[in-house]
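# Architecture at a glance
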Amino acid sequence: MDALLFMIFAAIAVICGINLVVQTHPISSALSLVGVMGALAALYLLLGGEFIAAAQLVVYAGAIMVLFVFVIMLLNAGTEKKMTVRPLGKYLGAPFLLLFFGMIAYMIQTILPSSSPVVFGAFHGGSALEIGRSLFTVYLLPFEVTSVLILIAILGAIVLARKEVD
Amino acid sequence: MPLGPLPAAVPPSWYLTLSAILFALGVLGFLLRRNIITVFMSIELMLNAVNLSFVTFSYVLKRSDGHIFSFFVMVVAAAEAAVGLAIILTVFKNRQTLEIDEVSSLKN
Amino acid sequence: MQLWLIPILPLLGFLLNGIFGKRLAKPVINAIAVGSVVLSFLWVVKTLNALGAFSGGLEQTYKEHYYTWIQSGALNISVDFAIDRLTAVMLMVVTGVGSLIHIYATGYMAHEGGYYRFFAYLNLFMFFMLTLVLGANFLLLFVGWEGVGLCSYLLIGFYFLEKFATDAGNKAFIVNRVGDFGFALAIFLVGFHFNTLDFTTVMTTVKGMPIETSAGLFTGISLLLLVGATGKSAQIPRYVWRPDAMAGPTPVSALIHAATMVTAGVYMIARTSQIYLHSTWALDIVAIVGLTTAFVAATIGLAQNDIKKVFAYSTVSQLGYMFVGLGVGAFSAGIFHLMTHAFFKALLFLGAGSVIHACSGEQDMRHMGGLRKYTPITMVTLLCASLAIAGFPYLSGAASKDLILEAAYEHAPWMYWVGVFTAGMTAFYVFRAFFMTFFGEYKGKQHAQPAHHDPDTAHQDTHHHGEPHESPAVMWIPLAILALLSLGGGFINIPHFLEPIFPLQEGEPARWLEYVATAAGLGGIAIAYLFYVVAPGIPESLANTFRGLHTLIYNKYFVDEFYDSTLVEPVVGGSRQLLWRVTDVRLIDGIANGVGSTARGLGSILRGAQSGYIRSYAAWVIAGTVLAIAYIGFMGASR
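Residues numbered from 1 in each chain as written. Chains lettered and ligands numbered in written order. Predicted model: local features only at pLDDT ≥ 70, side-chain atom pairs only at ≥ 80, totals over all residues.

## A short note on the confidence of the model for chain A
- In the predicted model, chain A carries a mean pLDDT of 82, and the fraction of residues at 70 or more is 83%.
- Highest mean pLDDT in chain A belongs to helix H2 (residues 26-46) of chain A (92); lowest belongs to helix H4 (residues 87-111) of chain A (68). (pLDDT = per-residue confidence, 0-100. Helix = DSSP H or I, 4+ residues; strand = E, 2+ residues; numbered from the N terminus.)

In structure tokens, the structure reads:
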């Protein structure tokens, strides 16, 4: 059962990812990304990360992607013209990617040989209780710092995007 | 990787491989697309792939630290998205284009 | 005993005058310059007195050690000063004659520019010369050697606005350099074989070595030392700088090129006499070189018209005599002649300076004459010097020269006869100069006119007189003192004084040797009198009869031209073509420019990475990341 779920959602994620890269209009890419995030949220659930799954859907898919869509609509971004790939990217990028992918896969297999499979419900550390406990004790400092970071981001966004006052 | 009849559950390495695939796709999009916003979205895709990797390792190691890390990645991604899109807006205002190749004042 | 004070006092004079001289008044400069040398002289006297030199003491060498200079393996060279009897003689001569010349120079250079610079250089020269004499090892002698060469260059080119003065300075320095190269090689050989450069150690070791076994080594060393000595002491073939050195002021000629520096070569050979004695034929070469030089220089001096050039060739010739003395084994006779020569040659030069000063810068003897009524004191003193150099009996020059000639006869009679003939020529040309200058009618300029600047006249005397006049007291008093020394110097029995170092030869030489030499001298004087006072037309007719010979000696055997074409032109041309064009321009500039253009080329290649396209940047980043991960991963995984 878990395997089936994994396969389905993995397939969705990969297809949406490919779609993101292939589509010409940004809106289509944005919607594909939303799909990827949804699939990933399901996968997080499988891995026992309830909190993260929820955060993913609420923050990422709900807020960030909406922001993306707003900006696309604001800028009236049209269909991309014909995709002329720069030679450097084409010749350097794709082979490196394949190489990269192959390496990662190899390393994964050597480092983590087949260990115990992922079973839904086997991991209990991902609940909000556990996350909260860690967040407010061990990781308190990063937590506070990120709140400052968000503040700065807000300020930055406002400053950058406002109209110039004549 | 055990092939053959579908097992009941999937080993964690498959999750990691999925993460790698998504990351690779993100890089591909980053390199191949010309629209700035699409490039940005590819970056988000990469970040998500990394998140998946973190959560998987958290499961393997039976600790919740991976979740915390993933949480912070999300926060940072949010902040980054906000500021990045603001920059894109400004670039668009100044240059009236969303093509990444036209933003090349740093040439030479 | 504080031997170090002897050279340090003039060094202080140099520093004070050199640094502050521009702002000091002339009397202060005088006081510093002259005072330092005179103090040094007084200190020498005091030291020698304390060591008992004047009362028969100082049998052994007295050494003072200051600090260890070089310590490398077995080689240990320290800064030591040593005094033995030879050094004592040299010290007295250098500081004594040096003081007199300094006093003279204050009067002579009174109207020259660069006053403080002159005295600074002069003091520096004294410092180096005293180091040379006091040095207890080869290296210190070499330091002094090089230093006096430097000061010679500085002082010859003192009138540095005249091209031929600077050329002369260059010539002196370069020709000396060639000699110094030989000297340096000799020092290396000595250091290599004896593991020490200290004189006493080396000489005692050498004394104990049998002649047969190491003759080759010693011959090599002595010949190399000779190469150095011929450069410094202006022997054949390296004397060509000496006549040109007349471009410097006359006190310089007197001090450096008559009394002290040029004698450094003689001193060096005397100091290393043991090495020469242990070589089979090096001493013969020394004698032959000396004899040839004496003869040739005397012949050249016969026909010169510039009074300073006559005395310059005379110096070369007398140095030849000293070398003959050394070469036939009469080391003490050579040193004796060094001392007497310092007296009368310095006097000759200073007197010539006085004459030139009287004639407002005129140096050509054909434009002088009849000066005896204008400058009587100068005439008397110069007469003393001329008599001394001509070998008038009982005077200083005769005593030393006769000793050399006698020793030469013992060694090889033909050397004696050549020496006698040269003595005759010496007497002739010196008195030729004397008569041309002081007798007859005054043929020079009568009224104030700037001295014409033809190449023979370098003296930039800017004060003109209506008529020739006597020099001021500050100039003729040193002349008088030197005249007294020239007259009576023969009675200072130097060979006896130097006996602990250079054992005297046995036996009384034949009396007739002395008489013949004296007769030759007197004959020379008589012929000169004949030619230039009684019948002044004879020289002209003789010159016309022997036109070719006369041209030959007048042009100094064209040696300079010979050197020019064989040595100088090829070297300069080769330097220009090969070293300048190829090495400097192509090779070195090429390398320097090449580095620059390579850097630029690399830069423009690497600039391609700065395309401005974000995606290409990203591609590079990813490529680098992949490589880094691969490296880390596979390095880690293989563990």
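## With respect to the interface of chain A and chain B
- Contacts between the two partners involve 71 residues from chain A and, on the opposite side, 62 residues from chain B.
- The element contributing the most residues to the side of chain A that touches chain B is helix H3 (residues 50-75) of chain A, with twelve residues.
- For the side of chain A that touches chain B, the residue count by class is 54 nonpolar, 14 polar and three charged. (Contact = placed C-beta atoms within 7 Å. Nonpolar A, V, L, I, M, F, W, Y, C, P; charged D, E, K, R; others polar.)

## Notes on the pairing of strand S2 (residues 75-83) of chain C
Residues and elements named next belong to chain C.
- By the bridge criterion, nine bridges tie strand S1 (residues 62-72) to S2 in an arrangement that is antiparallel. From the neighbouring strand, His-65 faces S2, where its bridge partner is Asp-80.
- Connecting S1 to the next strand, S2, in antiparallel fashion are two residues, including Gly-73 with a positive phi near 65°. (Pairing = 2+ DSSP bridges.)

## Quick look at unusual backbone geometry
- Unlike most non-glycine residues, Lys-62 of chain B shows phi in positive territory, near 60°.
- Within the element layout of this structure, Lys-62 of chain B appears in the loop between helix H2 (36-61) and helix H3 (65-95).

## Some remarks on the packing of helix H5 (residues 138-156) of chain C against helix H6 (residues 163-194) of chain C
Residues and elements named next belong to chain C.
- Across the interface, H5 lies against H6 with an axial gap of 8 Å and an inter-helix angle of 170°. Classified by the angle between their axes, H5 and H6 sit roughly antiparallel to one another. Counting all contacts with H5, which are made through Phe-138, Leu-139, Phe-142, Trp-145, Glu-146, Gly-149, Ser-152, Tyr-153 and Ile-156, the residues of H6 involved are Ala-165, Ala-168, Gly-169, Ala-172, Phe-173, Asn-176, Asp-180, Phe-183, Ile-187 and Val-190.
- Counted by class, the contact of H5 with H6 contains 13 nonpolar, four polar and two charged residues. (Axes fitted to C-alpha atoms, helices over the stretch in contact; angles between N-to-C directions. Parallel < 35°, antiparallel > 145°, perpendicular 65-115°, else oblique.)

## Let's talk about the environment of Asn-35 of chain B
Residue and element names in this part refer to chain B.
- Relative to the assigned elements, Asn-35 resides in the loop between helix H1 (12-32) and H2.
- Judged by the 24 C-beta atoms lying within 10 Å of it, Asn-35 is buried.
- Residues Asn-35 and Thr-97 lie 62 residues apart in sequence; the distance between their C-alpha atoms is 9.1 Å. (Buried ≥ 20, exposed ≤ 12 C-beta atoms within 10 Å, placed from the backbone.)

## As for H2 of chain B
- Its 26 residues place the ends of H2 of chain B 38 Å apart at the C-alpha level, agreeing with the 38 Å of an ideal helix rising 1.5 Å per residue.
- Among the 26 residues in H2 of chain B, 20 count as buried, and that is most of the element. (Expected span 1.5 Å × (residues − 1).)

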